[in-house]
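Analysis of the macromolecular model
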Amino acid sequence: MDELEALQTIGRLIKEERLAQGLSQVQLAKQAGTAIKTVRTLESGTRRTQEINQRKLEHALGWRAGSVSEVLKGKSTFAPDMITPDDMRSSDESRQGPPRVSVPAAPVARASHLSDEELLAELTYRMMHRNRG
């Protein structure tokens with residue numbers, strides 16, 4: 001799959017999932033903590049966005065971390081027209097409660113690149129590790 005085909009596939013998947021969840025582009029952008037332009041750009045399938053924004057959208061849509069990157073890098077096991085939003089979800093669909101927030105492995109240099117949940121997780125991580133040593 002070439003890059004344009006991968007971008008168009010991601011755009012189609014984001015739009016399908018957004019509509020299935022009954023969200024507008026503005027609502028999805030707000031939920032993900034990204035700019036509306038990011039959602040529009042991805043849905044149009046014309047260019048990539050920063051990896052941090054891909055992660056934010058994956059989280060907001062309930063997709064597996066890294067699923068967008070897999071498609072963009074051609075690592076998906078499905079043909080582009082056969083990939084569905086369900087293929088982007090984690091295999092742990094049955095879990096209940098709020099989504100898990102992953103703490104970044106390395107300290108983050110700019111807080112502006114994080115969603116509110118990621119920022120809270122980063123601050124908690126730093127406070128816990130500061131008090132240990």
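Worth saying up front: this structure is predicted, and the values here are computed from it rather than measured.

1. Describing the environment of proline 85
Examined against the element boundaries, proline 85 turns out to sit in helix α6 (residues 85-88). Residues proline 85 and isoleucine 14 lie 71 residues apart in sequence; the distance between their C-alpha atoms is 7.6 Å. If near-sequence neighbours (up to four positions away) are discounted, proline 85 is found in contact with Leu13, Glu16, Glu17 and Trp63.

2. Focus on the packing of helix α2 (residues 25-32) against helix α4 (residues 51-61)
Axis separation between α2 and α4 bottoms out at 8 Å; the angle between their running directions is 105°. With respect to each other, α2 and α4 are oriented roughly perpendicular. Contacts between α2 and α4 involve Leu28, Gln31 and Ala32 from the former and Lys56, Leu57, Ala60 and Leu61 from the latter. Taken together, the residues of the contact of α2 with α4 break down into 5 nonpolar, 1 polar and 1 charged.

3. Observations regarding the nonpolar core
Ile10, Ile14, Leu28, Trp63 and Met88 are the most contacted members of the largest nonpolar core, which has 20 residues in total. When residues of this core are traced back to their parent elements, those giving at least two are α1 (3-20), α2, α3 (36-44), α4 and α5 (67-72). Here the element with the most residues in this core is α1; it accounts for 5 residues. For isoleucine 14, the residues in contact, after removing those within four places along its chain, are Leu28, Leu42, Glu43, Leu61 and Trp63.

4. Some words on the environment of glycine 45
As for its placement among the helices and strands, glycine 45 is situated in the loop between α3 and α4. Considering only alpha carbons, one finds glycine 45 and arginine 12, 33 residues apart in sequence, at a separation of 7.7 Å. Apart from residues no more than four positions distant in its own chain, glycine 45 is found in contact with Leu4, Leu7 and Gln8.

5. Let's talk about α2
Among the residues making up α2, those that are buried are Leu28, Ala29 and Ala32. For α2, the buried positions fall inside an angular range of 100° around the axis, keeping them on one side. Across α2 from its buried face, at more than 90 degrees, point the exposed residues Val26 and Lys30.

6. Examining the confidence of the model for the protein
For the protein, per-residue confidence averages 79 on the pLDDT scale, and 76% of positions sit at 70 or higher. Overall, residues 93-105 carries pLDDT values under 50, and its contacts beyond four positions in sequence, including any with other chains, amount to 12 contacts.

7. Examining the pattern of salt bridges
Applying the stated criterion across every chain yields a total of 6 salt bridges. The shortest N-O distance in the salt bridge between aspartate 86 and arginine 89 comes to 3.0 Å. Aspartate 86 gets classed as exposed once you look at its relative accessible area, which sits at 53%. In the salt-bridge network here, residues are joined through shared partners; they are Glu17, Asp86 and Arg89.

8. Considering the side chain of glutamate 17
Note on placement: glutamate 17 falls in helix α1. Judged by its relative accessible area of 5%, glutamate 17 falls in the buried class. There is a polar contact of 2.7 Å between the side chain of glutamate 17 and the side chain of glutamine 21. In this structure, glutamate 17 is in contact with Leu61, Trp63, Pro85 and Arg89, ignoring residues within four places of it in sequence.

The rules behind each value
Residues numbered from 1 in each chain as written. Predicted model: local features only at pLDDT ≥ 70, side-chain atom pairs only at ≥ 80, totals over all residues. Heavy atoms only, no water. Helix = DSSP H or I, 4+ residues; strand = E, 2+ residues; numbered from the N terminus. Contact = heavy atoms within 4.5 Å. Axes fitted to C-alpha atoms, helices over the stretch in contact; angles between N-to-C directions. Parallel < 35°, antiparallel > 145°, perpendicular 65-115°, else oblique. Nonpolar A, V, L, I, M, F, W, Y, C, P; charged D, E, K, R; others polar. Core = buried A, V, L, I, M, F, W, Y, C linked by side-chain atoms within 4.5 Å. Buried < 20%, exposed > 50% of the residue type's maximum accessible area, 1.4 Å probe, protein only. Arc of directions from axis to C-beta. pLDDT = per-residue confidence, 0-100. Salt bridge = Lys/Arg side-chain N within 4 Å of Asp/Glu carboxyl O. Polar contact = N/O pair within 3.5 Å; in protein donor to acceptor, adjacent residues only side chain to side chain.

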